[in-house]
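Tertiary structure, described
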Amino acid sequence: MGKIIAVAMPKGGVGKTTTAINLAANLALANKRTLLVDMDPMGDCNIGLGIAIGSHESGLFQLLNYIKPIDQVIYKTSIDNLSFIPSVLKNALDEERLSKLSHNNMYLSNVLRSVIFNYDFIILDCPPYLRGLTTIALTASDSVILPMKPEMFSLNAAIKIVEHISWVKKNWNSLIKIEGILITMYEPRTKASSQMQDRILNQFARYLFKTIIPKNTTLNEATLNGTPAILYNPSSIGAKAYSDLAFEIVSRS
Ligand SMILES: Nc1ncnc2c1ncn2[C@@H]1O[C@H](COP(=O)(O)OP(=O)(O)OP(=O)(O)O)[C@@H](O)[C@H]1O
Ligand SMILES: [Mg+2]
């Protein structure tokens, strides 16, 4: 049976979407049937996959509002084995409605469980806040990846989300686990990166992935080109790091 993994951290720009897209693409290229779900009303997964925003008629918004059933919001992508549920919001009011749907936390969990046999992995890219759609995603997930930039403010965000996961575990989803904390945008030769890595190790050693994602311009360029790094420049250190992450996750699942 497939595994549902959220990518979450209540802080902007730490590499959630980059991780969700590159992990999903690597899993798909390793012949794992993968579904990527864009939980963020910004719709950044569209950009990273090179799909124009607005080109899908329905998505998560229509699913969570009971307008469309799940099979009508899943789209194939240009990558074999990779399917996609876009966010698809038409206006700001939609976004407000979507973020107030936490009264119905279990719905996403139930609909994803209804298609889980079609997939090996379902990856949920969360928005940069704790409640609302992130809680809905955590309620639906078997585990969660926490991307962290090696900087002080990320540590605070990580402490908050670890507490929030305990709350979700108590109230909504007793089975959720932390898949791992993923250090992103690491710069090996800077003192700040290595000092922060030590701090993260001190606090969260048992959760850390072996894989560390370096700061690498290819990851940025690949997103701008709408192509996962493994297809854009497979020999880059960024692409290789996300292959390693996919391997680490597959080998423990
Ligand atoms: N390892 C990396 N090296 C260099 N640039 C990166 C790396 N990871 C992400 N980026 C770039 O950093 C920016 C933020 O990344 P991303 O959108 O993945 O973060 P996010 O956590 O999803 O942000 P938000 O919370 O706003 O959704 C993007 O421009 C992305 O291309
Ligand atoms: Mg994002």
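What this report covers is the structure whose coordinates are included nearby. (Residues numbered from 1 in each chain as written. Chains lettered and ligands numbered in written order. Predicted model: local features only at pLDDT ≥ 70, side-chain atom pairs only at ≥ 80, totals over all residues. Heavy atoms only, no water.)

1. With respect to the packing of helix H7 (residues 152-171) against helix H8 (residues 191-204)
In contact at an axis separation of 10 Å, H7 and H8 are set at 20 degrees when each is read in the N-to-C sense. Regarding the angle of H7 to H8, the classification is roughly parallel. H7 and H8 meet at a crossing whose hand is right-handed. Side by side, H7 and H8 meet where Met 152, Leu 155, Ala 158, Ile 159 and Val 162 of the first sit next to Met 196, Arg 199, Ile 200, Gln 203 and Phe 204 of the second. Residues belonging to the contact of H7 with H8 are distributed by class as follows: 8 nonpolar, 1 polar and 1 charged. (Axes fitted to C-alpha atoms, helices over the stretch in contact; angles between N-to-C directions. Helix = DSSP H or I, 4+ residues; strand = E, 2+ residues; numbered from the N terminus. Parallel < 35°, antiparallel > 145°, perpendicular 65-115°, else oblique. Left-handed = near helix turned anticlockwise from the far one by under 90°. Contact = heavy atoms within 4.5 Å. Nonpolar A, V, L, I, M, F, W, Y, C, P; charged D, E, K, R; others polar.)

2. Some points on the layout of surface pockets
Size it by volume and the largest pocket reaches roughly 580 Å³. Contributing to the lining of the largest pocket are 27 residues, with Gly 13, Gly 15, Thr 18, Met 185 and Asn 220 lying nearest its centre. Broken down by secondary-structure element, the contributors of at least two residues to the lining of the largest pocket are helix H1 (16-29), helix H2 (44-49) and helix H9 (217-224). By residue class, the composition of the lining of the largest pocket is 11 nonpolar, 11 polar and 5 charged. Around the second largest pocket, the lining comprises 15 residues; the ones closest to its centre are Ile 53, Gly 54, Ser 87, Val 88 and Leu 89. Grouping the amino acids of the lining of the second largest pocket by side-chain chemistry returns 7 nonpolar, 6 polar and 2 charged. (1 Å grid on protein atoms, 1.4 Å probe; cavity = no way out; pocket = protein on both sides within 12 Å on 5 of 7 lines; lining within 4 Å. Points joined across faces, edges and corners; volume = space filled by probe spheres on them.)

3. A short note on the packing of aromatic side chains
The full count for this structure, using the stated rule, is 2 aromatic pairs. With centroids separated by 4.7 Å and ring planes inclined at 65 degrees, the aromatic side chains of Tyr 66 and Tyr 107 adopt a geometry described as edge-to-face. Of the two residues, Tyr 66 sits in the loop between helix H3 (60-64) and strand E3 (75-76) while Tyr 107 sits in helix H5 (residues 106-115), which places them 41 residues apart along the sequence. Between Phe 204 and Tyr 207 the ring centres are 6.4 Å apart and the planes differ by 40 degrees, which places this aromatic pair in the tilted class. As far as burial versus exposure is concerned, Phe 204 and Tyr 207 are alike and both buried. Cation over ring: Arg 131 sits above Trp 167, and NZ or CZ is 5.4 Å from the ring centre. (Phe/Tyr/Trp six-rings, centres within 6.5 Å; stacked < 30°, edge-to-face > 60°. Buried < 20%, exposed > 50% of the residue type's maximum accessible area, 1.4 Å probe, protein only. Lys NZ or Arg CZ within 6 Å of the ring centre and 35° of its normal.)

4. Notes on the pattern of salt bridges
If you walk through the whole model with that rule in mind, you get 7 salt bridges. Measuring nitrogen to oxygen at the nearest pair gives 2.8 Å for the salt bridge that ties Lys 3 to Glu 179. One end of the pair, Lys 3, is in strand E1 (residues 3-7); the other, Glu 179, is in strand E7 (residues 177-183), with 176 residues separating them in the sequence. As far as the burial class goes, Lys 3 and Glu 179 line up, both buried. Residues Glu 248 and Arg 252 are paired through a salt bridge, measuring 3.5 Å at the closest nitrogen-oxygen approach. Linking Glu 248 with Arg 252, this pair stays in helix H11 (residues 237-252), spanning 4 residues, or about one helical turn. Exposure remark for Arg 252: the relative accessible area of 40% places this residue in the partly exposed category. What you see here is one network of salt bridges that share partners, running through Lys 3, Glu 179, Glu 248 and Arg 252. (Salt bridge = Lys/Arg side-chain N within 4 Å of Asp/Glu carboxyl O.)

5. Considering H11
The end-to-end C-alpha distance of H11, which contains 16 residues, comes to 23 Å, matching closely the 22 Å that a straight helix rising 1.5 Å per residue would cover. Turning to H11, its buried residues are Gly 238, Ala 239, Ala 241, Tyr 242, Leu 245, Ala 246, Glu 248 and Ile 249. (Expected span 1.5 Å × (residues − 1).)

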